[in-house]
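As a plain string of letters, each chain reads:
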Amino acid sequence: MNYDYPQTDLSRSVLGGLFAGIIAALANLVFVFVYRAVAQFHQFTSVDVTVIVFGSLLLSIVCGIIFYWFIHYLKKGMMLYRVAVIVVTLVIIYVGIMLRGSVEGEVPADFRIIVIGTQVIIGSLAEFLIPYLFKHDGLIS
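It should be emphasised that the depicted structure is a prediction, and the values quoted were computed from it without experimental measurement.

Draft legend 1. Summary view of the overall build of the chain. On a plain count of helices and strands, the chain comes out with four helices and zero strands. Going from the N terminus to the C terminus, the chain shows its helices and strands as α-α-α-α. Here the chain holds 141 residues, and 38% of them are scored as buried. The long-range share in the chain, meaning contacts at least 24 apart out of those at least 6 apart in sequence, stands at 77%. Summing over all exposed atoms, the chain offers an accessible surface of approximately 8,500 Å²; the carbon and sulfur share of this is 71%.

Draft legend 2. Representation of unusual backbone geometry. Here the phi dihedral of Gln40 falls at roughly 55 degrees; this positive angle occurs in a residue that is not glycine. In the Ramachandran plot, Lys76 falls in the positive-phi region, its phi being about 55 degrees despite a non-glycine side chain. Structurally, the position occupied by Lys76 is in the loop between helix H2 (49-73) and helix H3 (77-104). Owing to a relative accessible area of 63%, Lys76 belongs among the exposed residues under this scheme.

Draft legend 3. Structural detail: the nonpolar core. Counting residues in hydrophobic clusters, the biggest one holds 15 residues, and the most contacted among them are Tyr81, Leu125, Ala126 and Ile130. Residue assignment for this core shows that the elements contributing at least two residues are helix H1 (9-39), H2, H3 and helix H4 (109-135). Here the element with the most residues in this core is H4; it accounts for eight residues. Ignoring sequence-local partners within four residues, the contact set of Ala126 consists of Cys63, Tyr81, Val85 and Pro131. If you look at the next biggest cluster of nonpolar residues, it comprises eleven residues, including Val32, Tyr35, Phe41 and Ile97.

Draft legend 4. Geometry of a nonpolar patch on the surface. A surface patch of nonpolar side chains, about 950 Å² in accessible area, is lined by Met79, Leu80, Val83, Val87, Val91, Tyr94, Val95, Met98, Leu99 and Val103. Within the secondary structure layout, Val95 lies in helix H3.

Draft legend 5. Here's a closer look at the packing of H1 against H2. Contact geometry for H1 and H2: axes closest at 7 Å, N-to-C directions at 150 degrees. Judged on the interaxial angle alone, H2 and H1 are roughly antiparallel. For the crossing formed where H1 meets H2, the hand is right-handed. The residue makeup of the contact of H1 with H2, split by class, is 18 nonpolar, eight polar and one charged.

Draft legend 6. Region of the structure containing the side chain of Ser60. By secondary structure assignment, the location of Ser60 is in helix H2. Looking at Ser60, its side chain comes within polar contact range of the main-chain oxygen of Ser56, at 2.9 Å. In contact with Ser60, other than residues within four places in its own chain, are Gly17, Ala20, Gly21, Ala24, Ile122 and Ile130.

Draft legend 7. Summary view of the packing of aromatic side chains. Under the counting rule described, the total for this entry stands at seven aromatic pairs. Taken together, a centroid distance of 5.1 Å and an interplanar angle of 75 degrees make the contact between Phe67 and Phe134 edge-to-face. One end of the pair, Phe67, is in helix H2; the other, Phe134, is in helix H4, and 67 residues separate them in sequence. Look at Phe67 and you get buried, because its relative accessible area is 0%. What makes Phe134 buried here is its relative accessible area of 9%. Summarising the aromatic geometry, the rings of Trp69 and Phe70 are spaced 5.4 Å apart at their centres and angled 80 degrees between planes, so their arrangement reads as edge-to-face. By relative accessible area, Trp69 is classed as partly exposed at 43%. If you follow Arg12 out to its NZ or CZ, it ends over the ring of Phe134, 4.2 Å from the centre.

Calculation notes
Throughout, a residue's number is its position along its own chain's written sequence, starting from 1. Only residues with pLDDT of at least 70 get local features here, since the model is predicted, and only at 80 or more are side-chain atom pairs given and counted; chain-wide, interface and lining totals rely on the full set of residues. Excluded from the side-chain calculation are hydrogens and water; included are all heavy atoms of the structure. What counts as a helix is a DSSP run of H or I of at least four residues, what counts as a strand is a run of E of at least two, and both are numbered from the N terminus. Buried means the residue's accessible area, taken with a 1.4 Å probe over protein chains only, is under 20% of the maximum for its type, while exposed means over 50%, and partly exposed covers the values in between. Contact between two residues is taken to exist if any of their heavy atoms lie within 4.5 Å; hydrogens are not considered. Shrake-Rupley sampling with a 1.4 Å probe provides the accessible areas, and residues are treated as covered by the protein chains on show and by no other component. The criterion is simple. A nonpolar core is a set of buried Ala, Val, Leu, Ile, Met, Phe, Trp, Tyr and Cys residues joined through side-chain atoms within 4.5 Å. Patch members must show over 30% relative accessible area and no salt bridge, and they are joined within 9 Å when carrying like charges or within 5 Å when they are nonpolar side chains of Val, Leu, Ile, Met, Phe, Trp or Tyr. In what follows, salt bridge is the name for a side-chain nitrogen of Lys or Arg lying within 4 Å of a carboxyl oxygen of Asp or Glu. The axes used here are C-alpha line fits, helices contributing only the stretch in contact, and every angle between their N-to-C directions lies in the interval 0 to 180 degrees. Angles are sorted into four bins: roughly parallel if under 35 degrees, roughly antiparallel if over 145, roughly perpendicular if 65 to 115, and oblique for all others. Two helices cross in a left-handed way if the nearer one is turned anticlockwise from the farther one by less than a right angle. They cross in a right-handed way if the turn is clockwise. Side-chain classes are defined by residue name, with Ala, Val, Leu, Ile, Met, Phe, Trp, Tyr, Cys and Pro counting as nonpolar, Asp, Glu, Lys and Arg as charged, and the others, Gly among them, as polar. For this analysis, a polar contact is any N or O atom pair within 3.5 Å, provided that within protein one partner can donate a hydrogen and the other can accept it, and provided that sequence-adjacent residues contribute only side-chain to side-chain pairs. Side-chain rings of Phe, Tyr and Trp, where Trp is taken by its six-membered ring, are said to pair if the distance between their centres is within 6.5 Å; with planes under 30 degrees apart they count as stacked, over 60 as edge-to-face, and otherwise as tilted. Definition used: whenever NZ (Lys) or CZ (Arg) falls within 6 Å of the ring centre and also within 35 degrees of the ring normal, the charge is taken to sit over that ring.

Here you go:
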């Protein structure tokens, strides 16, 4: 039986997002655990393993699908995708911190660092790794 078949643009984009999400989840777990240990910050437990893993994976897969849409339907899609990732990452950071502030009142600086750090990791991987994996699909297929 021959299982060798070419990947479509959509499948390469989704697989790139999944792979980037797995790396982001691992990097975010290491970042949060190391930062919490060094800073002795254990006040907020809302950024736990489940949120980090599923948040990283889901955001990265969605980025892969959006990447496909940008590449497939827009001229200069790669550049526009990268700009969109930067803008959305900044919006997620701002909204995440403001939302926590509206619920809890004052947001500790340590929580802000965790939110900014995890989102920068996800945004960076979405901006650079997904396009790289899309072009070099031998790594993911």
